[in-house]
Amino acid sequence: MQTQNNHAPKKGYSFGLEPPLGWTAILALVFFTTVCIFSGATAILRNGYIALSLAVGLFLYLQYPILYIGFTWWMWFVTPFVTRLVDFKSGFDPSRLMLISPYLITLFTLHTFLKYLPKSLRQGGLPFVLAFLGVFYGALIGLIKTSPMTAVRGIFDWLPPIVFGFFLFIKWREYPQYRQVIQRTFIWGVLVMGAYGVWQFIVAPEWDVFWLVETELKSMGDPEPLGLRVWSTMASPAPFGAVMMAGLLLLLTHSHYLNIPATAAGYLAFLLTSVRTLWGAWLVGLVTLFGSLKARSQMRLVMVILLMVLFVVPLATIEPFSETISGRFETFSNLEQDDSAQVRQKIYEKGLNEALTNGLGNGVGNTFVVNEQGILEPIVIDSGFLDTFFTLGWFGAVFYLGGMLLLVHQIFQFNECRFDSFMAASRGIGIGMISTLAGNSGMLGVAGMVLWGFLAMALAGHNYHVHEQNKLGS
C-alpha cells in the first residue's frame, strides 16, 4: 500500500550509491571491519571500529544528513554483531566498549538540538524540550547520587533518542527524503536481521553461543540450536523485537520487491524472540495504523495483512518453530504460572510505592552498578514507568512523560495520516512502543530511538504537508 502523496527526493540526489563520497566513507568502514575480522586482526578492530565509525558518522552528519540517518540506524542494527565476532576471536571484553559507537554517533544530533532549540518551540518542538529538561535534571541528580561513570552511561541510554527524534522533526522540509531512507533502511533491516535471526535459532552460531555463555544471560535461552530466544544481530531479544516491530509495520504501508521475503523472515524471527510485550506493541501499532487511514486504504491494508498471514502462518506452524512459538503463546492464557509475569508483578508490588514517593529521584545512572572488576553492570527494572520515576523523580518525570504525552496529543490532531500511510505507520509505531513501557524500559537505547524517532517523523510529516498546502494556496 503506497502513500497517495509521494514526493520524490530532490533532483540530483538518488538512493543508489550516491553521493559517492558518503558511500566511500561507509564502504571504507565495512571494508576495514571485514578485513580485520577475516585476517584475525580483531584486537585492532576493537578500538579502530569506534574511531572510524565516529569519523564516518561525523562526516555524514555534516555533509550528507540523509545518508547519516540510514547509517545511524544500521550502526544500531549491526554493532552488537560485530562486537560478538571480535569477542569470539580475541576473547570476551566485559566492558563491551565497542557497543558505545551507535550511542556516540547518534549524539552528534545534540548539536542540532542546541542550534535549533529557540526556533523549534514555534514549530511544535516543546515535547522534545520538556523531555530533554527531564533527562538533564536526572543527569544532575545522577552526578550527585551515583558517580560520573554511571551517570554518563545512563545518559547514553536516555538522551540519544530525544535528540535524534528532534533532528528528524526539525528537518521537516526534508521529510520526503527522510521518509524514503527510513523505509528503505527498515525494509532491508527486517530482511537481513530476520533471516539471520531464523538461522541463529536453527544453528546457534558459535560466536553467539560464546557471547551468551560469557554474559550469563539465562533469560535469553539455552546456548544450543533451537534453544535460543532470537536476538539476531542486536544485543538482546527486546531491542531486536522493537526494531522488528517497527519494520514489520512499515512493510504494511510500502510496496517493495523485498516485501514478501522480508515479511516471511521478519515475522518468523519476531515470533522467535518470545518477547510478548513487543508482540502486544505490534498489535497496538496495527490497530492505531488501521484507525488512522481512510476507508479505501483500510481495505488495502486488510488485503496486505491477509497476504502476510498466508506466508507467515505456514512457516510458524512447522517444526522446528511451532513448539517454541505456540508454547510462548500459551502463556497468555496461563499467566499465573508464568515466571516472567510473576517476576514483573513482584517488581510492581515492591517498587510502585517507592517509585511514586521518590520526589527527587535516584538520578540517571542509578540502574548501573560497578562490579568487583570495575565493569558497569545493569540492574533490570522491568517497567519503563517505574524506571522513569525511580530515575528522574517526580520533577524530572513530569517533564519527561509530559513531553511524551504532549507529542502523542499533537500527532493525534493531524489529518494527514489519512493519505500519508508512512505518517500513519509512524504514529502506530510510536504508540505501540509507548504501550511497552508497562513491561520494559522501551524509552531507552535503540527502543527509545524507535519510540521518539517515529513520533518525530509523524510531526515532521505534518509540518511538511501544512507547508505544501500553504504553498498551493498562496
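Data block above holds the structure.
Every residue gets a number counted from 1 within its own chain, in the order that chain's sequence is written. Reporting in this predicted model follows two pLDDT cut-offs: at least 70 for local features of residues, and 80 or more for side-chain atom pairs to be given and counted; totals over whole chains, interfaces and linings ignore these cut-offs and use all residues. Here the side-chain values reflect all heavy atoms present in the structure, with hydrogen atoms and water set aside.

1. Some thoughts on the environment of M75
And then number 1: You can see M75 is positioned in helix α3 (residues 65–90).
And then number 2: Any pair of residues with heavy atoms lying within 4.5 Å of one another is described as a contacting pair. When near neighbours in sequence (up to four residues on either side) are disregarded, M75 contacts L29, Y49, S53, P80, S101, P102 and I105. By definition, any uninterrupted DSSP run of H or I lasting at least four residues is a helix, any uninterrupted run of E lasting at least two residues is a strand, and each is numbered from the N terminus.

2. A short note on empty space enclosed by the protein
And then number 1: Within this scheme a cavity is a closed region of a 1 Å grid, computed over the protein atoms alone, that accommodates a 1.4 Å probe without allowing it to escape, whereas a pocket is open but has protein on both sides within 12 Å along at least five of seven lines; lining residues each have an atom within 4 Å of a point. Grid points are joined across faces, edges and corners, and a volume is the space filled by probe spheres set on the points. Evaluated as defined, the whole model comprises 1 cavity of 30 Å³ or more.
And then number 2: What the largest cavity holds in volume is close to 40 Å³.
And then number 3: What lines the largest cavity is P80, T83, R84, R96, L99, W211 and A235.
And then number 4: All amino acids are sorted into three groups, where Ala, Val, Leu, Ile, Met, Phe, Trp, Tyr, Cys and Pro are nonpolar, Asp, Glu, Lys and Arg are charged, and the leftover types, Gly among them, are polar. Along the lines of polarity and charge, the residues of the lining of the largest cavity split into 4 nonpolar, 1 polar and 2 charged.

3. Remarks on a nonpolar patch on the surface
And then number 1: Residues enter patches when they are more than 30% accessible in relative terms and free of salt bridges; like-charged ones are connected within 9 Å and nonpolar ones (Val, Leu, Ile, Met, Phe, Trp, Tyr) within 5 Å. The protein chains shown are the only cover counted for residues, whose accessible areas, like all others here, come from Shrake-Rupley with a 1.4 Å probe. The salt bridge criterion pairs a side-chain nitrogen of Lys or Arg with a carboxyl oxygen of Asp or Glu, the two atoms within 4 Å. Side chains of F136, L140, L143 and I144 sit close together on the surface and give an oily, nonpolar patch of about 420 Å² of accessible area.
And then number 2: The residue L140 is located in helix α6 (residues 126–145) in this model.
And then number 3: Of the residues examined, L140 reaches a relative accessible area of 41% and is grouped as partly exposed. Classification of residues uses two cut-offs on accessible area relative to the type maximum, computed with a 1.4 Å probe and protein chains only: under 20% is buried, over 50% is exposed, and between them is partly exposed.

4. Details of the packing of aromatic side chains
And then number 1: Centres within 6.5 Å are what make two rings of Phe, Tyr or Trp a pair, Trp counting through its six-membered ring; a difference in plane orientation under 30 degrees is then read as stacked, over 60 as edge-to-face, and the rest as tilted. A full pass over the atoms with the stated rule returns 39 aromatic pairs.
And then number 2: Here the aromatic rings of Y61 and F167 are separated by 6.0 Å at their centres, their planes lie at 40°, and the arrangement is tilted. Here the residue Y61 occupies a position in helix α2 (residues 42–63), and F167 occupies one in helix α7 (residues 148–170), the gap between them amounting to 106 residues. Residues Y61 and F167 agree in their burial class; the two are buried.

5. Here's the deal with unusual backbone geometry
And then number 1: With an omega of 10°, the peptide bond running from E319 to P320 counts as cis.
And then number 2: Positioned with a positive phi, A204 is a non-glycine residue whose angle comes to about 55°.
And then number 3: Within the secondary structure layout, A204 lies in the loop between α8 (175–203) and α9 (206–215).

6. Examining the pattern of salt bridges
One side chain can pair with another of opposite charge once the charged atoms of both are near each other.
And then number 1: Applying the stated criterion across every chain yields a total of 6 salt bridges.
And then number 2: Between D87 and R46 there is a salt bridge, with its nearest N and O atoms 2.7 Å apart. In this pair, D87 is assigned in helix α3 and R46 in helix α2, connecting sequence segments 41 residues apart. By the burial criterion, D87 is buried, and R46 matches it.
And then number 3: The partner of D157 in a salt bridge is R153, and the shortest N-O contact between them spans 3.2 Å.

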